[in-house]
Amino acid sequence: CAIDERETLFCWGDTLNPILTHQPTDLRWASVSVGENHACGRTLPDDVLVCWGTELGYGKSEVPDEVLYADAVEANGGNSCALYASNGVDDYDVFCWGASTPVRNDAPEELDRIEMAPGFACGMDAGGYIVCWGRNQAGRTAPPDDICGEDISVARQHACAVETLTSHVVCW
């Protein structure tokens, strides 16, 4: 899925995919993120969170009451996480839902950015401190203690960050 310059959402691919068959129309979009058989996006002008696709018993396309409005959303695998300002300031709380219990239950608070892969997620706070949570296969939720990042990316079995001071890429 992608959003064009007119803030219109376009999704493409297998015509039997529930992301295509349940895609919302007639909305303006700020962002979109695609997971496994579901997608979530923020609408304009109010940052209302909308998810669609198939449930498969996990509620991943049903937006929880806690995050009806979001500042960011990330979908991957069978999970979604949203950043939202619960206290009206720029330190965002994290709320996750979907298939993976560790991703749902272990989410930290007060992050500015979040990235997800199947079974785990990582985020950064305003100072670049990195925290990861979820299933810790191969140490993927254990970033180096002394890393302060300016960017982060996660994949199925690892995560990487760009260090703030050196601009070196560090992976774990």
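Below is a summary of the structure that appears in this document.

Calculation rules
- Residues numbered from 1 in each chain as written.
- Predicted model: local features only at pLDDT ≥ 70, side-chain atom pairs only at ≥ 80, totals over all residues.
- Heavy atoms only, no water.
- Pairing = 2+ DSSP bridges.
- Helix = DSSP H or I, 4+ residues; strand = E, 2+ residues; numbered from the N terminus.
- Axes fitted to C-alpha atoms, helices over the stretch in contact; angles between N-to-C directions.
- Phe/Tyr/Trp six-rings, centres within 6.5 Å; stacked < 30°, edge-to-face > 60°.
- Buried < 20%, exposed > 50% of the residue type's maximum accessible area, 1.4 Å probe, protein only.
- Core = buried A, V, L, I, M, F, W, Y, C linked by side-chain atoms within 4.5 Å.

### Section: the sheet that holds strand β10 (residues 120-124)
Phase 1: Spatial ordering of the open sheet is given by β9-β10-β11, a layout of three strands whose pairing is antiparallel. Looking at which strands have only one partner, the edges of the open sheet turn out to be β9 (113-117) and β11 (130-134). Across this sheet, the average inter-strand angle for adjacent strands is 20°, counted without regard to direction.

### Some points on the packing of aromatic side chains
Phase 1: Scanning the model with the defined rule gives two aromatic pairs in all.
Phase 2: With a centroid separation of 6.3 Å and an interplanar angle of 35°, the aromatic rings of Phe95 and Trp97 are classed as tilted.
Phase 3: Relative accessible area serves as the criterion here: at 21%, Phe95 is assigned to the partly exposed category.

### Description of the nonpolar core
Phase 1: Membership of the largest hydrophobic core is limited to twelve residues, which are Ala117, Phe120, Cys122, Met124, Ile130, Cys132, Ile147, Ile152, Val154, Ala159, Ala161 and Trp172.
Phase 2: Those elements that place two or more of their residues in this core are β10, β11, β12 (149-154) and β13 (159-163).
Phase 3: Counting residues per element, this core draws most heavily on β10, which supplies three residues.
Phase 4: One finds Cys81, Leu83, Ile114 and Trp133 within the second-largest nonpolar core, a separate group that totals eleven residues.

### Overview of unusual backbone geometry
Phase 1: Residues Leu44 and Pro45 are joined by a peptide bond in cis, for which omega reads 5°.
Phase 2: Along the chain, Pro45 turns up in the loop between β4 (38-44) and β5 (49-53).
Phase 3: One non-glycine residue, Glu7, lies in positive phi territory at about 65°.
Phase 4: Within the element layout of this structure, Glu7 appears in the loop between β1 (2-3) and β2 (9-10).
Phase 5: Although it is not a glycine, Asp26 sits at a positive phi angle of roughly 60°.
Phase 6: With respect to the helices, strands and loops of the structure, Asp26 is situated in the loop between α1 (18-21) and β3 (28-34).

On their own, these measurements won't tell you what the molecule is for.
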